[in-house]
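Analysis of the macromolecular model
So the chains spell out like this:
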Amino acid sequence: MSVGSALHCSVATILRQTYGWLELGCPDEAFDELDGLPDSLHSTREVLKLKCNILSVAQKWGELCALSATSALYYPLEPAFAEDWAWSEHKQGRTAEAYSILLESAEKYQKTWRTAYFLACFAYALKRVREATEWLGLAFVLHSRPGKLKTQALREADFRS
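Notes on the structure in this doc start here. These figures come from a predicted structure and were not determined experimentally. (Residues numbered from 1 in each chain as written. Predicted model: local features only at pLDDT ≥ 70, side-chain atom pairs only at ≥ 80, totals over all residues. Heavy atoms only, no water.)

Quick word on unusual backbone geometry
Rule in force here: Only DSSP runs of H or I with at least four residues qualify as helices, and only runs of E with at least two residues qualify as strands; both kinds are numbered from the N terminus onward.
Located in the positive-phi region is Gln59, a residue other than glycine, with phi close to 55 degrees. Mapped onto the secondary structure, Gln59 falls in the loop between helix 3 (45-57) and helix 4 (61-74). The phi torsion at Lys127 lies on the positive side, around 65 degrees, for a residue other than glycine.

Focus on the environment of Gln110
Position of Gln110 relative to the elements: it lies in the loop between helix 6 (95-108) and helix 7 (113-125). For the pair Gln110 and Ala120, spaced 10 residues apart in sequence, the C-alpha separation works out to 16 Å.

Overview of the pattern of salt bridges
For clarity, the cut-off: Every case where a carboxyl oxygen of Asp or Glu lies within 4 Å of a side-chain nitrogen of Lys or Arg is listed as a salt bridge. Note on classification: 1.4 Å probe, protein chains only; a residue is buried when its accessible area is under 20% of the maximum for its type, exposed when over 50%, partly exposed between these limits.
With the rule as written, the count across this model stands at nine salt bridges. Residue Lys60 is joined to Asp28 by a salt bridge in which the shortest nitrogen-to-oxygen separation is 3.3 Å. Here Lys60 is found in the loop between helix 3 and helix 4, whereas its partner Asp28 is found in helix 2 (residues 27-33), with 32 residues between them in sequence. In this structure Lys60 comes out as partly exposed when scored by relative accessible area, which is 31%. In this structure, the salt-bridge partner of Asp84 is Arg114, at a minimum N-O distance of 2.8 Å. With Asp84 in helix 5 (residues 79-91) and Arg114 in helix 7, the pair connects residues that are 30 residues apart, well separated along the chain.

Structure, rendered in structure tokens:
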């Protein structure tokens, strides 16, 4: 086995184990697993997305805010970073800022069902019911399984008065 393919196998194993820890609900262990990656991979889009996912599961909103905001600057075409940044702002009680961040991203870049859904949550929390309804409608259109999203929306605390 060549050094290159051994490294690839090692990276694949680390990522698989990281996802495994995350699925088990162990975000600290998932983050620790990433320490085994080569330094050159820590700032790649996929690893940054994984780190953001781990911080979200761990509900470390301040850390998620910092990482996703920086990542959104480096990867502006990746909607997940703006979504995570906005969500972390919202979870820290800064919903107006969250709405502004995500609205700016949605106006410039690709809109995903998740972007539209979060904008609906934020708009509703800001008492902008008409905007919330429009964003939620777009989220249903963009989602591959709108029925599943509707069920999620009905359970969503952010849509309750």
